[in-house]
Amino acid sequence: MQKAAIIGGGVIGAGWAARFLLHGWQVHFYDPSPAALEVVNRVVKTAARWVPEIYDHLPPRGELIIAPTLAEAVAEAEWIQESVPERLPIKHATLAEIQAACSVGAVIGSSTSGFMPSELQQDALRPEQILVAHPYNPVYLLPIVECVPSSVNTAAVTDRAMSLLTKIGMKPVLLKAEVPAHVGDRLLEALWREALWLIKDGVATTEQIDDIMTHGFGLRWAQKGLFETYRVAGGTAGMRHFLEQFGPCLQWPWTKLMDVPDLDDQLISRIVEQSDAQAAGRSVSELEAERDANLVALLKALRTENAAAGAFLNQLAITGD
Ligand SMILES: NC(=O)c1ccc[n+]([C@@H]2O[C@H](COP(=O)([O-])OP(=O)(O)OC[C@H]3O[C@@H](n4cnc5c(N)ncnc54)[C@H](O)[C@@H]3O)[C@@H](O)[C@H]2O)c1
């Protein structure tokens, strides 16, 4: 059985543990917090409920081993996924501990949302062994993972990373260059900034912004992304017409992107109050359950249409991966 080590088991690490486990790997899990065990058990249970609904060829479930030390977790692992808090000193200390104990041939993926691989590799024992493998939450259901090497990672390491990630049902996208926050989080950051301004300026509430997304362009994005959506919006003349039509708007005051709203107490309170009202008493666990059920329904629908992530899952079903 192939062995993975999961270092740091919060929301993301537990999601990785569940993904590896349900794709047949032996998972060595390490997190110093006593609370982590409950988190990983809960996430694995949830994942086991949903993952078989979207993957046709799951191998027998692997084994979850709770490691007493980080060194024991990584000792014989083929893949090591670091998911500790997003603080560079913590990442550096953890990566140093990992490299002191892991095999030279292991791949070390970092879940970092924002750090570039070259930042993670600073002062590392074997920098070429570390790259970014940035997933999205929930890791056990969403196939995408951004694979980001720096200039010191060899093609052999990135090829191996891409191949291993594919084996656990993921669609790795190998970025052409490293940049802070990779690709997805840069796009999300732009949207997030605009949303904060719209709330600060009293234009819309958290619920109204979410309604505009979930009843409109959010539905488009799950199956056509940004560029194909706009290509279609250009009518039969396509992308060139779209760019000519909406090009001038780039000079108009349609965005406050370069200004960051001050996240002061007043804005934080406004967002929290609106978000509480929107949740209407539903707990985070209830919201997560709704999210997972909806994602599975969407993925199934996309499989029926053989589109976007559904086409990817159908391809896995054909190849038996
Ligand atoms: N939350 C997200 O949506 C998301 C998405 C993609 C990537 N990420 C990235 O994943 C990483 C983890 O984020 P998270 O949201 O799961 O954080 P989290 O705070 O939920 O979990 C971090 C875990 O790391 C553990 N930890 C702390 N120090 C440790 C150490 N020295 N060794 C091992 N474990 C240690 C903590 O006990 C905790 O369980 C971050 O780099 C983050 O940027 C987060």
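All values derive from a computational prediction rather than experimental measurement.

**Q** Hey, could you run me through the overall build of the protein in this one?
**A** Within the protein one finds 13 helices and 8 strands. A compact globule built from 321 residues would reach a C-alpha radius of gyration of about 20 Å, and the protein, at 21 Å, matches this within 12%. Considering only residue pairs separated by 6 or more positions, the protein has 70% of its internal contacts joining residues 24 or more positions apart. When the accessible surface of the protein is summed, it comes to about 16900 Å², and 60% of that surface belongs to carbon and sulfur atoms.

**Q** I'm lost on the packing of aromatic side chains in this one. Help?
**A** Here a ring pair, both rings aromatic, is described through the centre-centre distance and the interplanar angle of the planes. If you walk through the whole model with that rule in mind, you get 5 aromatic pairs. With centroids separated by 4.9 Å and ring planes inclined at 65°, the aromatic side chains of F20 and W25 adopt a geometry described as edge-to-face. Each member of the pair, F20 as well as W25, is classed as buried. Taken together, the ring pairs in this structure connect W16, F20 and W25 into an aromatic cluster. Above the plane of the ring of W50 lies R49, whose end atom (NZ or CZ) is 3.8 Å from the centre.

**Q** Even after reading the chapter, I still don't get the packing of helix α12 (residues 284–305) against helix α13 (residues 308–319), so can you show me in this structure?
**A** Helix-helix packing is described using two parameters, namely the angle between the two axes and the distance between the axes. Two numbers describe how α12 lies on α13: the axes approach to 7 Å, and their chain directions differ by 70°. One element, α12, and the other, α13, form an angle in the roughly perpendicular class. Residues L299, L302 and R303 of α12 pack against A309, G310, A311, L313, N314 and A317 of α13. Class assignment of the residues belonging to the contact of α12 with α13 gives a composition of 6 nonpolar, 2 polar and 1 charged.

**Q** Explain the pattern of salt bridges here, please?
**A** Oppositely charged side chains are able to pair whenever their charged atoms sit close together. Under the defined criterion, the tally for this structure stands at 12 salt bridges. With its nearest N and O atoms 2.7 Å apart, the salt bridge here joins R49 to E53. Remark: E53 and R49 occur in helix α2 (residues 36–54); sequence separation between them is 4 residues, near one turn of the helix. Taking the relative accessible area as the measure of exposure, R49 reaches 44% and is therefore partly exposed. Residue classification places E53 among the partly exposed positions, given a relative accessible area of 30%. Between E228 and K224 there is a salt bridge, with the nearest N and O atoms lying 3.3 Å from each other.

**Q** Help me understand the site of the ligand, please; the structure alone is not making it clear to me.
**A** Neighbouring the ligand are 22 residues; I12, D31, E86, K91 and S113 lie closest to it. Within the side chain of D31, one N or O atom sits 2.6 Å away from an oxygen atom of the ligand. Measuring from an oxygen atom of the ligand, one finds a side-chain N or O atom of E86 at 2.6 Å. In the complex, 72% of the free accessible area of the ligand, which totals 830 Å², lies under the protein chains.

**Q** Explain the environment of T94 to me, please; I cannot follow it from the model alone.
**A** Of note, T94 is situated in helix α4 (residues 88–101). Put simply, T94 and R61 are 33 residues apart on the chain and 28 Å apart in space, counted from C-alpha to C-alpha. Ignoring anything within four residues of it in the chain, the contact list for T94 reads I7, L70, E82 and V84. Of the polar contacts made by the side chain of T94, one reaches the backbone oxygen of I90; its length is 2.7 Å.

**Q** What exactly am I supposed to notice about the pairing of strand β6 (residues 130–135) here?
**A** Consecutive side chains of a regular strand alternate in pointing toward one face of the sheet and then the other. Of all 6 residues in β6, 6 are buried; the element is thus mostly enclosed. By the alternation rule, side chains of β6 split into I130, V132 and H134 and L131, A133 and P135, which are all buried. In this sheet, β6 lies alongside strand β5 (residues 107–110) in parallel orientation, the contact comprising 3 bridges. Paired with G109 across the bridge in β6 is L131.

**Q** Got a minute to help me understand the sheet that holds β5 in this structure?
**A** Within a beta sheet, neighbouring strands are joined by backbone hydrogen bonds and run either parallel or antiparallel to one another. Across the sheet, 8 strands lie side by side as β3-β2-β1-β4-β5-β6-β7-β8; this open sheet has mixed pairing. Since the sheet does not close on itself, it has two edges, and those belong to β3 (63–66) and β8 (171–174), each with one partner. Recorded for the sheet is a direction-independent mean angle of 25° between the axes of neighbouring strands.

**Q** Where do I start with the state of the cysteines in this structure?
**A** One covalent bond between the sulfur atoms of two cysteine residues makes up a disulfide. The tally for this structure, following the rule as stated, stands at 0 disulfides. The closest cysteine sulfur to the non-disulfide-bonded C147 is located on C102, 17 Å from its own sulfur.

Reading guide: rules and limits
- Residues numbered from 1 in each chain as written.
- Predicted model: local features only at pLDDT ≥ 70, side-chain atom pairs only at ≥ 80, totals over all residues.
- Heavy atoms only, no water.
- Helix = DSSP H or I, 4+ residues; strand = E, 2+ residues; numbered from the N terminus.
- Rg over C-alpha atoms; globule rule 2.2 N^0.38 Å.
- Contact = heavy atoms within 4.5 Å.
- Areas by Shrake-Rupley, 256 points an atom, 1.4 Å probe, with all protein chains shown as cover.
- Phe/Tyr/Trp six-rings, centres within 6.5 Å; stacked < 30°, edge-to-face > 60°.
- Buried < 20%, exposed > 50% of the residue type's maximum accessible area, 1.4 Å probe, protein only.
- Lys NZ or Arg CZ within 6 Å of the ring centre and 35° of its normal.
- Axes fitted to C-alpha atoms, helices over the stretch in contact; angles between N-to-C directions.
- Parallel < 35°, antiparallel > 145°, perpendicular 65-115°, else oblique.
- Nonpolar A, V, L, I, M, F, W, Y, C, P; charged D, E, K, R; others polar.
- Salt bridge = Lys/Arg side-chain N within 4 Å of Asp/Glu carboxyl O.
- Near = heavy atom within 4 Å.
- Polar contact = N/O pair within 3.5 Å; in protein donor to acceptor, adjacent residues only side chain to side chain.
- Pairing = 2+ DSSP bridges.
- Disulfide = S-S within 2.5 Å.

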